[in-house]
Amino acid sequence: MKPSISGLYIHVPFCDGKCDYCAFYSVPYDPVMARRYAEALERELTGWVQVYGPLAVETVYVGGGTPTLVSGEVLREFFERVRSAVNCSGLREWTIEANPGTLTEQLLEFLGEASVNRISVGVQAFDDATLGILGRRHSAADARAACDRLKRVQWVNWSVDLIAGVPGQGAGVWRDTLLQAMDFGPPHLSVYALTFEEGSRLAARATAGHIASLSDEEQLDRLHEAQDFLSRQGYERYEISNFARSGFACLHNLACWRGREYLGIGCAASSHVAGRRWTNAPDIAAYLAAVEAGRPPPRSEDESFSPAARALERLIFGLRMAEGVNLEEIARSLGDRGIAMASEWQQRLTALAGQGLVTDHAGRWFLKEHGCDLADLVARELMP
Ligand code: SF4
């Protein structure tokens, strides 16, 4: 059966250094390798088109890494090839992730011409001390300049990423970061709580006792502050960590959370297609060697994604969204088995409702405010 892939994810692993909190795979930017990589991406994509037939995608998401480190010329050629490899007639959104220091006026002009219509800017903070602790290479002035540029050129759909709960960042500085973001009026913000990822420099510093993480209460205070502030400013919290003005939710992410299929290309890219989920190995040399030799990229994970596992994921991701989740709809995708599973979930959700974590309304289940704080616990309670 032909899969119904709605999203294309393109992973670009280049970075201009390693942020201290980051444990994602990335490699230093190298223009020669970037060109080779773009060619390999195109080969991988056309290989998939041969397997699945013409792909009609609604969303493209170019993430990383820092895709905007790659020169405009290489990006332009590559994006043109993507457009001719897949059917973009129904394309609704093309996002690219960018770091503030890379967003020049020239690049914005090019991105507009290349039909990129959404930019997600990794601001993280409008405060130099916080950016220093995070090990970012851009300054608060760079972040302001990038947002100001987007505002000046009247870029319509863009987003600011912020990190809450950075060690040493007081409540006043966090409030100021939120206020500064409002100076530029981004239609979308993502606010993530800082996590100490194993293997990151920040985690090593915390383990060595060189920095102290915020307490859980302080961390939650920061997130509540963001949520209250952004809601007063007219943003809808459409997913636990994502806030948007009406009509500006990220369509690519929404489709993934709703269980739609997506194809990921590039090293370290994940895919969910035709009942399988896989991730290409996080190794650019192995990726290039395989694709240039006409072989599929090596995978670090590859598993069958059973309808039951898929249904459970839809339930958990659905709860994280403001639209909530309808158990019957999910159960229908499981045929006869669905009735038993829906009844089991109904029981567990009812117990969670008794703890004030979830609620149901008009046939849909939602996380309550307290449930948003404890979303991981809710997810664990729903697992078999
Ligand atoms: S956080 Fe982003 S920019 Fe920083 S090293 Fe990781 S992938 Fe690169």
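Residues numbered from 1 in each chain as written. Predicted model: local features only at pLDDT ≥ 70, side-chain atom pairs only at ≥ 80, totals over all residues. Heavy atoms only, no water.

1. Examining the overall build of the chain
Helix and strand content of the chain: 15 helices and 16 strands. For 384 residues, the compact-globule formula gives about 21 Å, and the C-alpha radius of gyration of the chain, at 21 Å, lands near that figure. Structurally, the chain occupies a C-alpha span of about 60 × 55 × 45 Å along its principal axes. In the chain, which comprises 384 residues, the proportion classed as buried is 50%. Of the contacts made within the chain by residues no fewer than 6 positions apart, 69% connect residues no fewer than 24 positions apart. Of the side chains in the chain, 38 bear a positive and 49 a negative charge, and the two mean positions are spaced by 3 Å. (Helix = DSSP H or I, 4+ residues; strand = E, 2+ residues; numbered from the N terminus. Rg over C-alpha atoms; globule rule 2.2 N^0.38 Å. Buried < 20%, exposed > 50% of the residue type's maximum accessible area, 1.4 Å probe, protein only. Contact = heavy atoms within 4.5 Å. Lys, Arg positive; Asp, Glu negative; His and termini not counted. Charge placed at Lys NZ, Arg CZ, Asp CG, Glu CD.)

2. Observations concerning the side chain of serine 271
Within the fold, serine 271 resides in strand 12 (residues 270-273). With relative accessibility at 1%, the residue serine 271 sits in the buried group. Here glycine 264 takes part through its backbone nitrogen, which lies 2.8 Å from a polar atom of the side chain of serine 271. (Polar contact = N/O pair within 3.5 Å; in protein donor to acceptor, adjacent residues only side chain to side chain.)

3. Some points on the site of the ligand
Every residue lining the ligand is accounted for by Cys15, Gly17, Lys18, Cys19, Tyr21, Cys22, Gly65, Thr66, Asn99 and Arg136. Among the residues making up the shell around the ligand, the classes are represented as 4 nonpolar, 4 polar and 2 charged. (Near = heavy atom within 4 Å. Nonpolar A, V, L, I, M, F, W, Y, C, P; charged D, E, K, R; others polar.)

4. Looking at the side chain of asparagine 242
In this fold, asparagine 242 is placed in strand 10 (residues 242-244). The exposure class assigned to asparagine 242 is buried, which follows from its relative accessible area of 3%. Those residues within four positions of asparagine 242 in sequence are excluded, and the remaining contacts are His188, Leu189, Ser190, Tyr192, Glu236, Arg237 and Trp257.

5. A look at the domain arrangement of the chain
Domain boundaries assigned for the chain yield domain 1 (5-256) and domain 2 (307-382). Each partner contributes residues to the interface: domain 1 has 10 residues there, and domain 2 has 8 residues. Here domain 1 packs against domain 2, burying approximately 820 Å² in sum over the two surfaces, 53% of which is carbon and sulfur. Three residues, Arg237, Glu239 and Ile240, lead the burial of domain 1 against domain 2; their summed loss comes to 49% of the area buried on that side. On the surface where domain 1 and domain 2 come into contact, there are 1 salt bridge. A salt bridge links arginine 320 to glutamate 239; the shortest N-O distance between them is 3.1 Å. (Domains from an automatic or database assignment. Buried area = accessible area lost by both parts, 1.4 Å probe. Salt bridge = Lys/Arg side-chain N within 4 Å of Asp/Glu carboxyl O.)

6. Focus: the nonpolar core
Ile10, Phe79, Ile119 and Leu263 are the most contacted members of the largest nonpolar core, which has 73 residues in total. Apart from the residues lying within four places of it in its own chain, the contact partners of isoleucine 10 are Leu41, Val60, Tyr61, Val62, Gly63, Phe78, Val82 and Ile265. (Core = buried A, V, L, I, M, F, W, Y, C linked by side-chain atoms within 4.5 Å.)

7. Let's talk about the pattern of salt bridges
For side chains of opposite charge, pairing can occur when their charged atoms come near one another. Counting across every chain of the model gives 21 salt bridges. The partner of glutamate 77 in a salt bridge is arginine 81, with the nearest N and O atoms 3.7 Å apart. With glutamate 77 and arginine 81 both in helix 2 (residues 72-85), this residue pair falls 4 residues apart, about one helical turn. Residue glutamate 77 is classed as partly exposed on the basis of its relative accessible area of 32%. A single salt-bridge network, built from bridges that share partners, covers Arg35, Glu42, Glu73, Glu77 and Arg81.

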